[in-house]
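Coordinate analysis (summary)
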Amino acid sequence: TEPTEVAIATPTAGAVTKYTLDGTTPSISSATYQAPVRINFTQSLKAISIKAGISSAVATSTLTLDATRWPAPSATDLRPLQLNLQLPTTAIPQ
């Protein structure tokens, strides 16, 4: 129900895992899984494992977050992104 990280595992030693977050079927050119995937809004995670040119079946998981608290980005939302950064207040020794 809130942003999280999702780990992907394959039982096949030496296989490379490829994934997508946009609902498309992953392929050899998709992102390579290297660390847990951050899910910030409702998304469809799809993954395949590839070894020796042979692909597994597609594994799919739809991760649903509370859309009122964690809405998906909108192409029509033209508001500027606001980042509230706090810089260190300690002086750097010379």
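Bear in mind the structure is a predicted one, so any value in this text is a computation, not a measurement. In this numbering scheme, every chain counts its residues from 1 along its sequence in written order. Thresholds applied to this predicted model are a pLDDT of at least 70 for local features of residues and 80 or more for the giving and counting of side-chain atom pairs; totals over whole chains, interfaces and linings are not thresholded and use all residues. With hydrogens and water set aside, each side-chain value is computed from the structure's full complement of heavy atoms.

1. Overview of the side chain of serine 44
A helix here means a DSSP run of H or I that spans at least four residues, while a strand means a run of E at least two residues long, and both kinds are numbered starting from the N terminus. With respect to the helices and strands, the residue serine 44 is situated in strand β5 (residues 43-51). Contact criterion: two residues are considered in contact whenever any of their non-hydrogen atoms come within 4.5 Å of each other. If near-sequence neighbours (up to four positions away) are discounted, serine 44 is found in contact with Thr20, Leu21, Asp22, Gly23, Thr60, Ser61 and Thr62.

2. Considering the confidence of the model for the chain
Residue-level confidence of the predictor is summarised by pLDDT, bounded by 0 at the bottom and 100 at the top. Mean pLDDT over the chain: 81, with 73% of residues reaching 70 or higher. Mean pLDDT across the elements of the chain bottoms out in strand β1 (residues 4-6) (85) and peaks in strand β3 (residues 31-32) (95).

3. Section: the nonpolar core
Nonpolar core, defined: a set of buried Ala, Val, Leu, Ile, Met, Phe, Trp, Tyr and Cys residues in which side-chain atoms within 4.5 Å join the residues together. When a residue's accessible area, from a 1.4 Å probe over protein chains only, is under 20% of the maximum for its type it is buried; when over 50% it is exposed; and in between it is partly exposed. By size, the foremost hydrophobic cluster in this structure holds ten residues: Val6, Ile8, Tyr19, Tyr33, Val37, Ile39, Leu45, Ala47, Leu63 and Leu65. Of all the secondary structure elements, the ones that give two or more residues to this core are β4 (37-39) and β5. In this structure, isoleucine 8 is in contact with Thr17, Tyr19, Tyr33, Val37, Leu45 and Ala47, ignoring residues within four places of it in sequence.

4. Concerning the side chain of lysine 46
Position of lysine 46 relative to the elements: it lies in strand β5. Counted as positive: Lys and Arg. Counted as negative: Asp and Glu, with His and the chain ends omitted from the count. Between Lys or Arg on one side and Asp or Glu on the other, a salt bridge is scored when a side-chain nitrogen of the former is within 4 Å of a carboxyl oxygen of the latter. For the buried residue lysine 46, which engages in no salt bridge, the nearest side chain bearing the opposite charge is aspartate 22, 7.9 Å off. Under the rule applied, a polar contact is a pair of N or O atoms within 3.5 Å (in protein, one hydrogen donor and one hydrogen acceptor; residues adjacent in sequence only if both atoms are side-chain atoms). Polar contacts involving the side chain of lysine 46 include one to the main-chain carbonyl oxygen of glycine 23, which spans 3.1 Å. In this structure, lysine 46 is in contact with Lys18, Tyr19, Thr20, Gly23, Thr24, Thr25, Pro26, Val58, Ala59 and Thr60, ignoring residues within four places of it in sequence.

5. Description of the packing of aromatic side chains
In summary, the pairing rule links any two rings of Phe, Tyr or Trp, Trp by its six-membered ring, whose centres are within 6.5 Å, and it sorts them by plane angle into stacked for under 30 degrees, edge-to-face for over 60 and tilted for everything else. This model, assessed by the stated rule, comprises one aromatic pair. The interplanar angle of 75 degrees and the centroid separation of 6.5 Å between the aromatic rings of tyrosine 19 and tyrosine 33 together place this pair among those described as edge-to-face. In this pair, tyrosine 19 sits in strand β2 (residues 16-20) while tyrosine 33 sits in the loop between β3 and β4, placing the two residues 14 residues apart along the sequence. No difference in accessibility class separates tyrosine 19 from tyrosine 33, as the two residues are buried.

6. Digging into the environment of threonine 20
Turning to its location among the elements, threonine 20 is positioned in strand β2. Using a relative accessible area of 9% as the deciding quantity, one classes threonine 20 as buried. Through-space distance from the C-alpha of threonine 20 to that of serine 30 is 6.5 Å; in sequence the pair is ten residues apart. With sequence-adjacent residues up to four places away left out, threonine 20 is seen in contact with Thr25, Pro26, Ser30, Ser44, Leu45 and Lys46. At 2.5 Å, the side chain of threonine 20 forms a polar contact with the backbone oxygen of threonine 24.

7. A few points about unusual backbone geometry
Notably, alanine 52 is not glycine yet its phi reads approximately 55 degrees, a positive angle. For alanine 52, the location among the structural elements is in the loop between β5 and β6 (54-55).

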